[in-house]
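Inside the fold
Now for the letters of each chain:
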Amino acid sequence: MPHVSTIAALATARGSSGIGIVRLSGPDSWAIAERLTTGQPPLVDRMANLRRICRPSTGEVMDQGIVLAMRGPHSYTGEDTVELQLHGSPLLLDSVLQACLELGAEPARPGEFTFRALLAGKLSLLQAEAVRDLVGASSDEELSLARKSLFTDASQPFRAVLSLITRSLAAVEGPVDFPDQFSEDDEAGALHLATRLAAETHADIQKLLADAQATTRLRRGVTVVIAGATNVGKSSLMNALLKYPRVIVSDIPGTTRDSVAEEILLGRQRVTLVDTAGIGRPPAGALDSLAGEQAAQSIEHADIVLIVLNAETGLQLHERDLLDRARSLPHLVAVNKIDAGPVPAGLEAEVGGPVLGISATEGTELDELTHRLTEMVEAAAGTVAASQMVTHRQAAELTIADRALGEFMNSAATVPADVLAYLLGEAREAMQRLLGEHIAPDEILATVFSTFCIGK
Ligand SMILES: Nc1nc2c(c(=O)[nH]1)N(C=O)[C@@H](CNc1ccc(C(=O)N[C@@H](CCC(=O)O)C(=O)O)cc1)CN2
Ligand SMILES: Nc1nc2c(ncn2[C@@H]2O[C@H](COP(=O)(O)OP(=O)(O)OP(=O)(O)O)[C@@H](O)[C@H]2O)c(=O)[nH]1
Ligand SMILES: [Mg+2]
């Protein structure tokens, strides 16, 4: 039996809070907790034990807290675990964590508690990924997909694909392994069956890859790009929508040089709001043309464009270019600075659509702007609905499996059976890696758990 370490980490977010938890898992976790509570009654399994937590070197009381100790295998990780539920002071929590390390615990790596739960068979690899995505979810949709993957058997569709591939492989391998038991007709029949199964598998994989795309879209959120000429008040509007002064605002044209992205919630939807450099400042130096190009590039990545015009100047020539570029995308035209002057007559006709007069600095019509944006965002997000969470990693394995299956179907009539078996074997291995079967713990750690937060 290899030596198993005892790990420790802060299980709650860093920062002042009501309660903070230091979590231990591994063979020494109970002994470490006993050392931190010496002279007090022994810890009772799976009970809330109110104890003073003392620094072992000096006996000084660090805090009073609730100690929740659980004997393996009946714990989250399957190992002996202890939670020290303390007052939520970052300084205090750090010093208790430090004391645990001095008593022999090792700092946990990202996701290591969940990794240990996986090794103990408490969770599948897909459930472990769902834990990560549950914790990181930033929209209700993402949350409910992650929840579904964690609490129901999310691996079922992947297992179905694996089982189809395995049946296909068995059909191809039969005549290779037992040549005397198969007539030529049997062999042709087996190959026919294998190809039919592969085609079915391909269709199932395509569905899962569509879900992967929808998952990615969901995670990325909808991107709204604020674009317009210099000095029209794009950054002021960004700050007003964010409700705090995130970007620098000044009356000098060309204040914003690089795009600035921030997340906001519009309705139930997570939105990335991007402020861009203003376009088309007349005496164009090299830097300005770069900034302008960047604005054009930001529009390319936009799901929705929020074009800002200036009521004081009306529509300028270079703003027409921008309008033309944005026309193929959902877009909204706001005319800013209506506190300084009205929306010029005939502007809607020039723009070729409705405009909304606003004032970023006075807050005029910003509720209406937010309302219209929210509707557009919901329409943009509504076009994708994932029926199940499929992560980037899972999609990569699905793609490998699909490519091997494609090659198999293309060459089934012309290539010897052992080569066909090899191709199906590749597809099967990809699905096994996806499900976390037959892969080394190191590899799982590197590919999945590196993206976890510490203490999870
Ligand atoms: N305080 C605390 N809250 C938490 C967790 C935790 O570790 N600690 N969790 C962690 O992230 C989540 C809950 N998940 C858990 C899953 C299994 C077990 C557990 O002890 N399982 C045992 C016993 C089952 C039973 O008694 O019914 C087992 O599987 O054998 C604990 C928490 C969310 N809330
Ligand atoms: N009167 C008035 N002034 C505004 C309004 N919004 C912005 N301004 C002013 O217009 C100037 C330019 O504002 P910014 O937000 O920096 O404009 P920008 O579009 O980001 O400019 P660049 O980054 O240079 O492209 C600043 O002096 C703002 O205070 C508004 O609604 N009314
Ligand atoms: Mg700006």
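Above this note sits the structure.
Definitions and cut-offs
- Residues numbered from 1 in each chain as written.
- Chains lettered and ligands numbered in written order.
- Predicted model: local features only at pLDDT ≥ 70, side-chain atom pairs only at ≥ 80, totals over all residues.
- Heavy atoms only, no water.
- Pairing = 2+ DSSP bridges.
- Helix = DSSP H or I, 4+ residues; strand = E, 2+ residues; numbered from the N terminus.
- Contact = heavy atoms within 4.5 Å.
- Axes fitted to C-alpha atoms, helices over the stretch in contact; angles between N-to-C directions.
- Buried < 20%, exposed > 50% of the residue type's maximum accessible area, 1.4 Å probe, protein only.
- Donors = N, O, S within 2.8 Å, 3.2 Å for Na, K, Ca; no water.

Some thoughts on the sheet that holds strand 12 (residues 356-357)
What the six strands build is an open sheet, ordered 8-9-7-10-11-12; its pairing is mixed. Edge positions in the sheet fall to strand 8 (260-266) and strand 12, since each of these pairs with one other strand and no more. Bridging between strand 11 (residues 331-336) and strand 12 involves two bridges; their strand directions are parallel. When the bridges of strand 12 are listed, Val335 appears paired with Gly357. Lying over the sheet, helix 7 (residues 184-220) contacts strand 7 (222-228) and strand 9 (269-275), oriented at roughly 60° with respect to strand 9.

Points about unusual backbone geometry
Here Gly72 and Pro73 are connected by a cis peptide whose omega angle stands at 0°. Tracing the chain through its elements places Pro73 in the loop between strand 4 (61-70) and strand 5 (81-88). Non-glycine residue Arg46 carries a positive phi angle of around 60°. Checked against the element boundaries, Arg46 lands in the loop between helix 1 (29-36) and strand 3 (48-54). A positive phi angle, close to 70°, is found at Lys243, a residue other than glycine. Summarising the element assignment, Lys243 is placed in the loop between helix 8 (234-242) and strand 8. A residue is classified by how much of its surface remains accessible, and Lys243, at 74% relative accessible area, is exposed.

Topic: the coordination of the magnesium ion (ligand 3)
Protein coordination of the magnesium ion (ligand 3) is provided by Ser235 (OG) and Thr256 (OG1), with donor distances spanning 1.9 to 2.0 Å. Here Ser235, found in helix 8, pairs with Thr256, found in the loop between helix 8 and strand 8; they are 21 residues apart in sequence, far enough to count as distant. Using a relative accessible area of 9% as the deciding quantity, one classes Ser235 as buried. On the basis of relative accessible area, Thr256 is assigned to the buried category, the value being 14%.

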